[in-house]
Amino acid sequence: MAVIEPGGSPNQMPICERCSTENPAGFRFCGECGIALPDPEPTHDARKVVTALFCDVADSTSLAEQLDPEAVHGILRRYFEELTATILRHGGTVQKFAGDAVLAIFGIPRVHEDDALRAVRAAAEIRERLPLIATAVGVVLQFRTGINTGLVHTDPRRSLAIGDPINVAARLEQAADPGEILLGSETLRMVRDAVEVDVLEPLELKGKQSPVAAFRLLSVDPAAPGVIRHLEDPLVGRERELQLLREFWEDTVAQRNCRLFTILGGAGVGKSRLVEELLSELKDTATVLRGRCLHYGEGITFWPILEALAQAGEDAQGTIEHLSRGGAATPEELFWEVRVLLERLAQRTPLILHIDDLQWAESMLIDLLGHIVDLSRGAPIGVLCTARPELLEDHHGWTARETDATLLRLEPLDREDCEVMLKQIGDELSAEARARVIRTSEGNPLFLQEMIALAREQGGDEVPATIQALLAARLDRLGALEREPLEQGAVEGQVFHGAAVHALAPRRSAKEIDEGLEGLVRKDLIRRQPSTLGHHHAFRFRHLLIRDTAYGALPMATRADLHARFADWLEAVGTELIELDEIVGWHLEQAVLYKRELRHKIEPELARRAAQHLYEAGRRAGDRSDMPAARSLLERALLVTPAGDPLREVVGVALAERLIEAGDLGRADELLSLAEHGGDEFGPAALNRLEWLIYSRPDEAGQTLEATLPRMLEEFARTDDQRGLAKAHWLAFWVHWAENRATRSGEQARLAAQHAREAGDYGLWSRALGWYVATLIFGPADAVTIASELDAISGEEPGPYLAACIELGRAEVRRLEGRFDLAHRHAETALATFHALGMRAMAATCDQTSGTIELSRDGAEAAIPYLERSEATFAELGERVVRSTTQAWLGHALQMRGEPAAAQAAVELAEALGAPQDMANFAITHAVRARLALASGERDAAERWARSAVEHASQTDFVHAQAAARLGLARVLADVGAAERAQAEASAALGLFQVKGDVPGEQASRALLQALDAGRTR
């Protein structure tokens, strides 16, 4: 048999070694005859998605009143015998009888992809058969039935399932009327295309906090699949495969012989859709007969052939009758009759026989198809089969046909084809949802379709139950020697190492483990992968969802043990991994969290190791300015640190520092308060408390820092503590910044950055340089100098935080140039980065910047939404320093828009929030007060407020603030008729704006001067 792999080259299929004494694991067929052996029953606890059917006799009390107990027992026994037989026939397991009720589980001992549909069909059949039983026993009983699907813990040794979905099935049964079958929402989702239901009002069920969705079953189609595949959608990305099919058919017709073509691929990969494309092309030139193998049921051996021959009309009636009778002829005679019939039909018109889902075929059907392929001659018959990889596991002889045959392995779609498919069926999804669907589906068309449907219905990242069932059924077929390494590998992740599996399976020999892994490779559940750990062999799950399904089946207690043991192994072999702390910490954390959820004892050493690794990873993330990762890692470290362990304070202080950076001052205060118990005066907790004071209590911070900084700098210099020096200069920066001394602030920011780099603290280095940019924006530097400095900092390979600060600097340069739209684009870029970093305070600063850009072009209406958003964020975070400036600008904008009361309230709040030494803030608010006084006719007060604004601005080196205050005074003087004094102030403002390179300011000053000149000449 030619085997067409993804690259298109023929390869020899692997040979079955079932009969070898060295490697019996993983095969369920005889190497001599190819006859399938029974699947081994699972014997281990697992977590599974199952469907529970709870059925109860309605009004059994009245029956007991009317009849003798022995008669009641006999009648109920007859009913329950029929009920049990029906459940077993559909593949369910009776878990228990409780009085006159029965609980059946579909998915124990083995999961099937259609367990929900089996349960619904069983319930419908029970309801249909009740009248027949009633005739026999003389008493009519009615059952109430509830069916629900969900995740449970199973013990297959006792056919036991425990979990809330079982309880919900019982509650649904209790809510049903006699004769009713109620379905839960997850069950309906898995059988939606095979049933007709009534939607009920959500039910208030005992023990459930929220109403539960319920659906009354009206009917079920006995032949329909639970979820119909959309074969009508346009074919995407299968040009090469379709061409191979066309060539197969052309050769069949040209050679007038029988040829076999098998398409092999996982569930949902697109086998049926590919065949549909070919058959639609052939419908006018060939006789097309189609049949589908059924997963279970009575009389299914020849069902696909019967279904196919039924499409051949009268010519096939006799053969159909013979096949249906079965025992009337020997298998050889039946095979001969079917083959001759197909040859006769093909003599008239070339014939193609398509058998779908061949992996479910009985051995006799496989033999029949083999007979046709091997012996048919002289007639153009194409046997086209589609199957999952299980076909080769159970019927290895299928690949050994003597005639010309081809096997095509169908691979998932590539990303580009998935994009095309998404545009066809899910174009309304957001970009984020589209990316998530493509990433998770990994090129499987069915997975992609089902995920789109679920995203439309409820959003989120949940994997549809239909997909979970497909994968769980596939993995449930594995024997222990293959299942165990699959589950152990899943603990490491989508990529895992063979050596790790060896470490996690001490009860297995190395030979058994390697054979199990080889079996998984042959079954295409895993593939070999280049290793990230030196010489260790690595594997990759064929699909991420296979990994998730294997992992999801593990009980939590088993997961906890495996995660802890994997961490031990990785610590020993992964010393060169950069992310060692993060990875080991994650696995130890999972062990702790699972034990906590199970209420098991948690060893203090296990918890401390988890916390220590996460702390180290978080500290390094902060050093490289990865703020979201640092905060997340430290939060997780704190969560698992044992109570009373000294590490808890260390982690809490480090986390508080990250929270201060993000602007979450309330949470930072809590952590610092827990750490302050008379510790080191200049220790991490004390230093972070000082920084916290700067943002939340600027008055107190200024006084404390001025008294503390000299001794702090002296102490850190004496001990050559570079990180301490960096932190001290960083705090000194804030002292000068609070007093609006941009030049001196900039010097301290530069020193803080220098010492932080020496200490390897790139997080503080990045923050210090970021605020150095702020000193350039507000200080004496002109637009050209600012741009040059920003270019220099950009050359130092800034991380995302510093890069965003540089964008804010570029926004100011563009504002100074009067290029407002471009300034906005820079501010929006910075905003997006800060949002991505989770730094809400800095994001609010971006909104403040956008508001001032609009104010520069007299756009009060456009400025207010930005400033209000900034104010809301700062208020929520408890920040005061920058919030006071936002309030000052908001008052300015509200005054421009003609809302004096709102403007007055804003400036009053700005002055209450800000520090007394924040002169620039008072310069803005007093300028607003001047305009408000002028509008009220208080001319003297207006001039006093305007002059106060100039006086406050003059105490800073914020050149723009000085210029704006003088221009504001000039306008007030012009409005009160003091033209000469107004001209002098406007000229002074013009000079300052020119120093800064502020084009809009220059234009506004010149416009006022021209108006004053015009007024004087008139």
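Above this text you will find the structure in question.
Scoring rules and cut-offs
- Residues numbered from 1 in each chain as written.
- Predicted model: local features only at pLDDT ≥ 70, side-chain atom pairs only at ≥ 80, totals over all residues.
- Heavy atoms only, no water.
- Helix = DSSP H or I, 4+ residues; strand = E, 2+ residues; numbered from the N terminus.
- Buried < 20%, exposed > 50% of the residue type's maximum accessible area, 1.4 Å probe, protein only.
- Contact = heavy atoms within 4.5 Å.
- Areas by Shrake-Rupley, 256 points an atom, 1.4 Å probe, with all protein chains shown as cover.
- Lys, Arg positive; Asp, Glu negative; His and termini not counted.
- Charge placed at Lys NZ, Arg CZ, Asp CG, Glu CD.
- Pairing = 2+ DSSP bridges.
- Axes fitted to C-alpha atoms, helices over the stretch in contact; angles between N-to-C directions.

Q: Describe the overall build of the chain, listing the residues and the values that go with them.
A: Counting its regular elements, the chain contains 43 helices and 17 strands. C-alpha extents for the chain along the principal axes are approximately 120 × 65 × 65 Å. A burial count over the chain gives 56% of its 1018 residues as buried. A separation of at least 24 residues holds for 69% of the contacts in the chain among residues at least 6 apart in sequence. For the chain, the exposed area adds up to about 42900 Å²; of that, 51% sits on carbon and sulfur atoms. Distance between charge centroids for the chain: 1 Å, based on 110 positive and 156 negative side chains.

Q: Describe the pairing of strand E17 (residues 538–541), with residues and values.
A: Where a strand is regular, its side chains alternate between the two sheet faces. Taken together, the three bridges between strand E15 (residues 495–497) and E17 define a ladder with antiparallel strand orientation. Residue Val495 lies in a different strand from E17, and its bridge partner there is Arg540. By the bridge criterion, four bridges tie strand E16 (residues 526–529) to E17 in an arrangement that is antiparallel. Its bridge partner lying in E17, Ile526 is registered against Phe541.

Q: Any details on the sheet that holds E15? Residues and values, ideally.
A: Sheet architecture is open: three strands sit in the order E15-E17-E16, paired in antiparallel fashion. Every other strand in the sheet has two partners, leaving E15 and E16 as the edge strands with one partner each. With direction set aside, neighbouring strand axes in the sheet form an average angle of 35 degrees. Lying on the sheet, helix H17 (residues 480–492) is in contact with E15, E16 and E17; it crosses E15 at an angle near 115 degrees.

Q: Mind laying out the side chain of Lys595, listing which residues take part and the relevant values?
A: When you line up the elements, Lys595 lands in helix H22 (residues 580–597). In this structure, Lys595 is in contact with Ala560, His600, Lys601, Ile602, Glu603 and Leu606, ignoring residues within four places of it in sequence.

Q: Explain the environment of Leu188 to me, using residue names and the numbers behind them.
A: Here Leu188 shows up in helix H5 (residues 185–191). Residue classification places Leu188 among the buried residues on the basis of a relative accessible area of 15%. C-alpha separation for the pair Leu188 and Ala116, spaced 72 residues apart in sequence, amounts to 8.3 Å. With residues up to four places along the chain from it excluded, the contact list for Leu188 reads Val195, Val197 and Phe215.

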